[in-house]
Amino acid sequence: MKDENFLKEHNARQLWHPMAHPGEAQAHPPRIITGAEGVNITDIDGHSVVDAVGGLWCVNLGYSNDVVKEAIAKQLYDLPYYSAFAGTTNPPAIEAAHAVQEFFADDGMERVFFTSGGSDSVETCLRLSRQYHRLRGEPTRTKFISLKKGYHGTHFGGASVNGNNRFRVNYEPLLPGCFHLPAPYPYRNPFNETDPAQLAQLIAQAFEDEIAFQGANTIAALIMEPILGAGGVLVPDQSFMPMMREICDRHGILLISDEVITGFGRSGDWSGARHWGVKPDMMSTAKGITSGYFPVGAALMSGKVAEVFEGSTADGTISHGYTYSAHPVGAAAVTACLSETLRLNLHDNAAERGTQLYDGLRRLSEKHGLIGDVRGGHGLMSGLELVSDRAKKTPLDAATVKRIHDATYDAGAMVRASGHNILMSPPLTISKAEIDTILTALDAGFAKA
Ligand SMILES: Cc1ncc(COP(=O)(O)O)c(C=O)c1O
């Protein structure tokens, strides 16, 4: 490894960072994170903080899980790679698919298609949902419905169902046939409805209206996050997802639950859909599937979908996949990660510590007027929406958000600034004292706003 001077001198010079302006990154280089232990990360200057971001909503097991690390290391020696395209497979992939299917059996998932990450998993679900309808003799069902504020990755399909303007505009035109419903976002919505249950009803009506307008026989799937993560941790009313499920069923529309964040315990249940008592037709997963230790995702299929593919003619061939689908090292990471996730019962800690974090954030909002809305309370995902004027809900300016973020980091916690939101999704192994550290650091951050 080159020395510290080299790293600082070349920081963001050759490397273009995701979701960053390359010129801005050169002017203000990113923090160089050099190490991690437990739920803490350390930067190149030796400053250690609690990682309230969990890497990127993904390091569910924290940074020190040796079981997963050893499984990865061992597999590198046994078989570092082999293709899973037609004709060959590998032992860790067979085992991992079995483990993932068992993990999501209560959600009705019966088949597993491995990918390299969340965007791939979303893309796989979107593509296979179209193929599902073709196989059933309804090839006109090609359109997708999704929620504004939803985030589904950055492939063209995923970006087309994304509900955030800033992930779309630079890359338009996107996929035709994608339509968006209002988000379950009581703080701001086109109906001016602050009651979450009422808002859920209004969105359900908008969904029915859109189906009538488009024609049910043109719609392949609704894709939604059970709790919208990157859009600001928007927690819908408990009636929302069941209502969307019922409408999908009535109109022959597949329900894809995007569980890239909510899967594997983050919501306080093993899946976000289960949290709301819903069984989807497909699930897109990634992140917590390996705790971020190796890039893996998985698209999961219910029995209803599997049956159609498996009982079909040659048209049921899945002409889709990735070089790294069912990667043996990734698969070894998956099996180890799921067994650790279950052994540690991570969803219980996520629920308990999530409530602690949410309650603490609500107390902070009583003290700091810049906090316009506090969201969370369902597992370890929380968001603060920052405003300069509470009555007018004016989004806080970027410079002040950055000041708060930096001061919070200096005081001991890495949080994520996303627009005028501060988002938190720490490892699911986090302790009570470490949640308190996040809250104390944020308090110090707001004091410097
Ligand atoms: C709900 C959801 N879907 C899809 C993705 C895309 O995943 P990836 O960044 O691994 O491609 C993300 C990423 O954060 C996500 O939160």
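The rules we used
- Residues numbered from 1 in each chain as written.
- Predicted model: local features only at pLDDT ≥ 70, side-chain atom pairs only at ≥ 80, totals over all residues.
- Heavy atoms only, no water.
- Pairing = 2+ DSSP bridges.
- Helix = DSSP H or I, 4+ residues; strand = E, 2+ residues; numbered from the N terminus.
- Buried < 20%, exposed > 50% of the residue type's maximum accessible area, 1.4 Å probe, protein only.
- Near = heavy atom within 4 Å.
- Polar contact = N/O pair within 3.5 Å; in protein donor to acceptor, adjacent residues only side chain to side chain.
- Areas by Shrake-Rupley, 256 points an atom, 1.4 Å probe, with all protein chains shown as cover.
- Salt bridge = Lys/Arg side-chain N within 4 Å of Asp/Glu carboxyl O.
- 1 Å grid on protein atoms, 1.4 Å probe; cavity = no way out; pocket = protein on both sides within 12 Å on 5 of 7 lines; lining within 4 Å.
- Points joined across faces, edges and corners; volume = space filled by probe spheres on them.
- Nonpolar A, V, L, I, M, F, W, Y, C, P; charged D, E, K, R; others polar.

Caption draft 1: Highlighting the sheet that holds strand β3 (residues 48-51). The 4 strands are arranged β1-β2-β3-β14 in an open sheet whose pairing can be described as mixed. The open sheet is flanked by β1 (33-37) and β14 (413-414), the only strands paired with a single partner. Bridge count between β1 and strand β2 (residues 40-43): 4 bridges; the pairing is antiparallel. Considered in β2, the bridge of G35 is made with T42.

Caption draft 2: Main features of the pairing of strand β12 (residues 382-389). Among the 8 residues that make up β12, 6 are buried, leaving the element largely enclosed by the rest of the structure. In terms of strand pairing, strand β11 (residues 371-375) meets β12 through 4 bridges, oriented antiparallel. Within β12, the residue paired with I371 across the bridge is L386. In this antiparallel pair of consecutive strands, β11 and β12, the connection spans 6 residues, and G376 shows a positive phi of 145 degrees. Pairing geometry for β12 and strand β16 (residues 421-424), over 4 bridges, is antiparallel. When the bridges of β16 are listed, S382 appears paired with M424. The sheet contact formed by β12 and strand β13 (residues 394-395) spans 2 bridges and is antiparallel. In the strand pairing of β13, V387 is matched with P395. Hairpin connection of β12 to β13: 4 residues between the antiparallel strands, including K393 at a positive phi of 55 degrees.

Caption draft 3: Focus on the site of the ligand. All residues in the neighbourhood of the ligand are listed as G117, G118, S119, Y151, H152, G153, E225, D258, V260, I261 and K287. The separation between a nitrogen atom of the ligand and a polar main-chain atom of Y151 is 3.4 Å. Taking D258, its side chain carries an N or O atom lying 2.7 Å from a nitrogen atom of the ligand. Protein burial of the ligand: of its 390 Å² of free accessible surface, 82% is covered by the chains.

Caption draft 4: Highlighting the pattern of salt bridges. All told, the structure shown has 22 salt bridges when counted by the stated rule. For E385, the salt bridge identified is with R188, shortest N-O distance 2.7 Å. Here R188 lies in the loop between β6 (178-181) and α8 (196-214) and E385 lies in strand β12, a separation of 197 residues in the sequence. With relative accessibility at 0%, the residue E385 sits in the buried group. Put simply, E340 and R343 hold a salt bridge, and the shortest N to O gap is 2.9 Å. With E340 and R343 both in helix α12 (residues 328-343) and 3 residues apart, this pair spans about one turn of that helix. The network of salt bridges with common partners includes R188, D373, R375 and E385.

Caption draft 5: Representation of empty space enclosed by the protein within the structure. The tally for this structure, following the rule as stated, stands at 1 cavity of 30 Å³ or more. Space inside the largest cavity adds up to approximately 40 Å³. Taken together, F114, T115, V296, Y324, S325, A326, H327, G330 and A331 make up the full set of residues lining the largest cavity. Elements supplying a minimum of two residues to the lining of the largest cavity: β4 (109-115) and α12. Within the lining of the largest cavity, the residues separate by chemical class into 5 nonpolar, 4 polar and no charged.

Caption draft 6: Highlighting the environment of A86. In this structure, A86 sits in the loop between α4 (66-78) and α5 (91-103). A C-alpha to C-alpha distance of 10.0 Å links A86 and I318, two positions 232 residues apart in sequence.

Caption draft 7: View of unusual backbone geometry. For the bond running from E172 to P173, omega is 5 degrees, close enough to zero to count as cis. By the secondary structure assignment, P173 is in the loop between α7 (156-161) and β6. Backbone geometry at S291 places phi at a positive 60 degrees, although glycine is not the residue there. By the element assignment, S291 lies in the loop between β9 (282-285) and β10 (297-302).

Caption draft 8: Here's a closer look at the pairing of β10. Taken across its 6 residues, β10 has 6 buried, putting it largely inside the fold. Relative to β10, β4 runs antiparallel, the two sharing 6 bridges. Bridge pairing links T115 to G297 in β10. Examined bridge by bridge, β9 and β10 share 4 bridges and lie antiparallel to one another. When the sheet's bridge partners are listed, S284 is paired in β10 with A299.

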